[in-house]
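Residues per chain are reported as follows:
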Amino acid sequence: QVRLVESGGGLVQAGGSLRLSCTASGRTFSSSNMAWFRQAPGKERAFVAAINWIDESTNYADAVKGRLTISRDNAKNTVYLQMNSLEPDDTAGYYCAARAYSLRLHEQAVEYRDWGQGTQVTVSS
């Protein structure tokens with residue numbers, strides 16, 4: 001099992017930027033697909049981005065393409081989400097997730113076993 005801890009959330013004005021980090025403990029990080037999800041009040045948890053452990057290929061939700069970028073540093077057991085051109089609709093709790101030894105990137109929350117506690121991002125208009 002992997003323990004995940006997110007950081008980097010906060011309050012930012014529309015058009016601003018934030019970088020979220022998710023640091024993992026455990027031996028399987030370098031063999032795990034990593035993903036970011038977000039959940040706004042009253043809404044279901046939604047896929048944001050994912051990165052493959054084999055070739056670092058990525059998938060993004062349509063709503064964030066061109067503005068958010070996922071990356072990973074296996075030497076630091078950390079996955080990042082660079083968030084640019086933020087919009088009020090990006091306001092949500094952001095959660096890091098991991099799935100070990102998978103050959104494909106999943107966009108459904110049920111496919112990920114390990115989760116962090118989340119970090120809040122609030123974008124003011």
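Now for a look at the structure at hand. Computed from a predicted model, the values in this text were never measured in an experiment. (Residues numbered from 1 in each chain as written. Predicted model: local features only at pLDDT ≥ 70, side-chain atom pairs only at ≥ 80, totals over all residues. Heavy atoms only, no water.)

Brief notes about unusual backbone geometry
For E56, which is not glycine, the phi dihedral falls at a positive 60 degrees. Topologically, E56 is positioned in the loop between β5 (46-51) and β6 (58-60). You can call E56 partly exposed: its relative accessible area is 42%. A positive phi angle, near 50 degrees, is found at S85, a position not held by glycine. With respect to the element layout, S85 can be found in the loop between β8 (78-83) and β9 (92-100). (Helix = DSSP H or I, 4+ residues; strand = E, 2+ residues; numbered from the N terminus. Buried < 20%, exposed > 50% of the residue type's maximum accessible area, 1.4 Å probe, protein only.)

Section: the state of the cysteines
Inspection of the entire model under this criterion finds one disulfide. Here C22 connects covalently by a disulfide to C96, the sulfurs 2.1 Å from one another. Judged by the sign of its S-S torsion, about -80 degrees, the bond between C22 and C96 is left-handed. Within this pair, whereas C22 is found in strand β3 (residues 18-25), its partner C96 is found in strand β9, the two being separated by 74 residues in sequence. Across this residue pair, the class does not change: C22 and C96 are buried. (Disulfide = S-S within 2.5 Å.)

Description of the pairing of β5
A large share of β5 lies buried, amounting to five of its six residues. Where strand β4 (residues 32-39) and β5 come together, five bridges link them in antiparallel fashion. Residue pairing in the sheet places R38 in a bridge with A46 of β5. Hairpin connection of β4 to β5: six residues between the antiparallel strands, including G42 at a positive phi of 80 degrees. Across three bridges, the pairing between β5 and β6 is antiparallel. By the bridge assignment for β6, I51 is matched with T58. Hairpin geometry of β5 and β6 is characterised by an intervening segment of six residues between the two adjacent antiparallel strands and by a positive phi of about 60 degrees at E56. (Pairing = 2+ DSSP bridges.)

Honestly, it's all geometry; don't read function into it.
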